[in-house]
Amino acid sequence: MSRNFATQSTCHHVAIVMDGNGRWADERGLPRLEGHRAGAVAVRRATEAAARLGVPLLTLYAFSSDNWRRPEDEVRGLFALFTVYLREERERALREGVRVSVIGRRDRLAPRLVREIERTEETTRGGTRLHLRIAIDYSARDLLVAAASDVPRSRDEMSRAIARAMHAEASTEDVDLFIRTGRERRLSDFLLWECAYAELVFYDRMWPDFSAEDLEEALRAFERRQRRFGKTPAQTAEVAR
Ligand code: FPP
C-alpha cells in the first residue's frame, strides 16, 4: 500500500529512537559496528518511506549525549559512519527534495564532522519534500537547562530557546508520533519538551530490520488514536465532525 498520508494524515512530525543495532549484530555473531552499518541502511529506507508517505518532518536519534560513555572504538566508528553518511547522502537528498539538518551540541564533534554537517545543511536547505533531522550529541535535559537560563516566560519563548540551544532554525516542533524499536519502552532523554502529547508506538524488532511497511503501520496506528489534548472524548469528537 502506498497511500500518501500528506493529504489525509495529521501526522506532521515522526521521531524515532533507533534502538537495537548492537543486539542485531550480536544475534548474527557480528561486531557491533556492523549493526550500526545495517542501521544506516535502515535510516535510508525510513527516510525514503517518510518522504513517500507524506510525513513532512522526521527526527532520528543517532547519538545521545550519554552515548559518549560507550567504548571509544564504538564511538569512533559511529562518528565515522555519520561523516560518511552525510557526505554520501548529500546529493541524493538534494535530488529528492530532502532537507537534512543536525540537532544537538556541535562543540564536542570532530571539525571534519562539523564541516560535513554544515555542507549538508547548506546544500539541502531548499528541500521541501521532507525535513530529516538527525540528533547527534543530543540531550533533551541539557537543552532544557540551557533554555531555562534565558528565563522563558511562555511556552513559545521556551520552544524558541530550546531551538536555539539545539541548532534548530525557528522554534521546536511538537512530536506527533514517537517510535522506538528494539523492545525497550523508554524515552531516553529524547525530545522531552516536544513529546508532551506524542503518541507512542513501540516495535520489538531491532532497528536494522525496521521496514517501510513498519512505518506505514505505525502511521495507521496513529490515525486510529483519538488525540484529546486535555479535552473530553465527546468534545474531541465534536471538533472532528
Ligand atoms: C542504539 O542501538 C543505536 C545507536 C546508539 C546508534 C544509532 C545509529 C545508527 C542507526 C547508525 C546510522 C545513523 C545515521 C544517522 C547514519 P544500540 O547500539 O544501543 O543497540 P543495543 O541496545 O542492541 O546495543
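Residues numbered from 1 in each chain as written. Predicted model: local features only at pLDDT ≥ 70, side-chain atom pairs only at ≥ 80, totals over all residues. Heavy atoms only, no water.

## Let's talk about the overall build of the protein
The condition is simple: By definition, any uninterrupted DSSP run of H or I lasting at least four residues is a helix, any uninterrupted run of E lasting at least two residues is a strand, and each is numbered from the N terminus. Two things to know: the radius of gyration comes from C-alpha atoms, and the globule rule equals 2.2 Å times the number of residues to the power 0.38. Here the term buried applies to any residue with accessible area under 20% of the maximum for its type, exposed to any over 50%, and partly exposed to those in between, with areas from a 1.4 Å probe on protein chains only.
Counting secondary structure elements, the protein contains eight helices and six strands. Starting at the N terminus and ending at the C terminus, the protein contains elements arranged as β-α-α-β-α-β-α-β-α-α-β-β-α-α. Relative to a compact globule of 241 residues, whose C-alpha radius of gyration would be 18 Å, the protein shows 18 Å and is just as compact. Summarising its shape, the C-alpha atoms of the protein cover approximately 55 × 45 × 35 Å along the three principal directions. Here the protein holds 241 residues, and the buried ones make up 51% of them.

## Digging into the site of the ligand
Applicable threshold: By convention in these notes, a residue is near a molecule or strand provided one of its non-hydrogen atoms lies within 4 Å of it. The definition of a polar contact used here is a pair of N or O atoms within 3.5 Å, where within protein one atom must be able to donate a hydrogen and the other to accept one, and adjacent residues in sequence count solely through side-chain atom pairs. Computed by Shrake-Rupley with a 1.4 Å probe, the accessible areas treat only the displayed protein chains as cover when residues are assessed.
Near the ligand, the surroundings consist of 19 residues, among which Gly22, Arg23, Arg32, His36 and Arg70 are the closest. Gly22 is positioned such that a nitrogen or oxygen atom in its backbone is 3.1 Å from an oxygen atom of the ligand. At a separation of 3.0 Å, an oxygen atom of the ligand approaches a polar side-chain atom of Arg32. Coverage of the ligand by the protein amounts to 92% of the 630 Å² it exposes when considered alone. When contributions to the shell around the ligand are tallied by element, the ones reaching two or more residues are α1 (21–27), α2 (32–52) and α3 (72–95). When residues in the shell around the ligand are grouped by element, the largest group, five residues, is from α2.

## Regarding the confidence of the model for the protein
We apply this condition: Note on scores: pLDDT gives the predictor's confidence for each residue, bounded by 0 and 100. Any pair of residues with heavy atoms lying within 4.5 Å of one another is described as a contacting pair.
When the pLDDT values of the protein are averaged, the result is 94; 96% of them are 70 or greater. Scored below 50 in pLDDT, residues 1–8 shows 21 contacts in the model against residues more than four places distant or in partner chains.

## Some points on the pairing of strand β2 (residues 57–64)
Stated precisely, the cut-off is as follows: Strands were regarded as paired on the criterion that DSSP finds at least two bridges between them.
Judged by how many residues are buried, β2 sits mostly within the fold: eight of eight residues are covered. As judged from the five bridges shared by strand β1 (residues 13–17) and β2, these two strands associate in the parallel manner. Bridge pairing in β2 places Ile16 opposite Leu60. When β2 meets strand β4 (residues 130–138), the two strands line up parallel, connected through seven bridges.

## Things to note about the packing of helix α5 (residues 140–148) against helix α6 (residues 155–165)
Note the following rule: An axis is simply a line fitted to the C-alpha atoms; with a helix, the fit covers only the stretch in contact. Between two such axes, the angle follows the N-to-C directions and lies from 0 to 180 degrees. It is the rotation of the near helix from the far one that decides the hand of a crossing: anticlockwise by less than a right angle makes it left-handed, clockwise makes it right-handed. Note that Gly is not counted as nonpolar here; it falls among the polar residues with everything else outside the nonpolar set of Ala, Val, Leu, Ile, Met, Phe, Trp, Tyr, Cys and Pro and the charged set of Asp, Glu, Lys and Arg.
At a minimum axis separation of 8 Å, α5 and α6 run at an interaxial angle of 115°. Crossing of α5 over α6 shows right-handed handedness. Seen from α5, the contacting residues are Leu143, Leu144, Ala146 and Ala147; seen from α6, they are Met158, Ala161, Ile162 and Ala165. For the contact of α5 with α6, the class distribution of residues is eight nonpolar, no polar and no charged.

## Overview of the nonpolar core
How we decide: Definition of nonpolar core: a set of buried residues of the types Ala, Val, Leu, Ile, Met, Phe, Trp, Tyr and Cys, connected through side-chain atoms within 4.5 Å.
Core analysis: the biggest nonpolar cluster contains 45 residues, and Val14, Ile16, Ile134, Ile136, Leu177, Ile179 and Leu215 have the highest contact counts within it. Sort the elements by how many residues they give to this core and α3 lands first, with seven residues. Aside from chain neighbours lying at most four places away, what touches Ile136 is Ala62, Phe63, Phe79, Phe82, Val102, Ile103, Gly104, Arg105 and Leu109. Counting residues in each nonpolar core, the second largest holds 21 residues, with Tyr138, Ala163, Leu191 and Ala198 among its members.

## Observations regarding the packing of aromatic side chains
Short version of the rule: Each Phe, Tyr or Trp ring, with Trp reduced to its six-membered ring, pairs with another whose centre is within 6.5 Å; inter-plane angles below 30 degrees give stacked pairs, above 60 give edge-to-face pairs, and intermediate values give tilted ones.
Per the stated rule, a full pass over the model turns up 11 aromatic pairs. Arranged with centres 4.7 Å apart and planes meeting at 55°, the rings of Phe63 and Phe79 form a pair that is tilted. Residue Phe63 is found in strand β2, and its partner Phe79 is found in helix α3; the two are separated by 16 residues along the sequence. Since its relative accessible area comes to 13%, Phe79 is described here as buried. A centroid spacing of 5.1 Å and a plane angle of 20° characterise the contact between Trp207 and Phe210, whose relative ring orientation is stacked. Since its relative accessible area comes to 1%, Phe210 is described here as buried. Cluster of aromatic residues (ring-pair linked, three or more members): Phe63, Trp68, Phe79 and Phe82.

## Some remarks on the pattern of salt bridges
What counts here: One speaks of a salt bridge when a side-chain nitrogen belonging to Lys or Arg is within 4 Å of a carboxyl oxygen belonging to Asp or Glu.
Taken as a whole and assessed by the stated rule, the structure comprises 29 salt bridges. Between Glu199 and Arg227 there is a salt bridge, with the nearest N and O atoms lying 3.7 Å from each other. Here Arg227 lies in the loop between α7 (212–224) and α8 (233–240) and Glu199 lies in strand β6 (residues 199–202), a separation of 28 residues in the sequence. Each member of the pair, Glu199 together with Arg227, is buried. Salt bridges linked by common partners bring Asp19, Arg23, Arg180, Glu184 and Arg186 together as one network.

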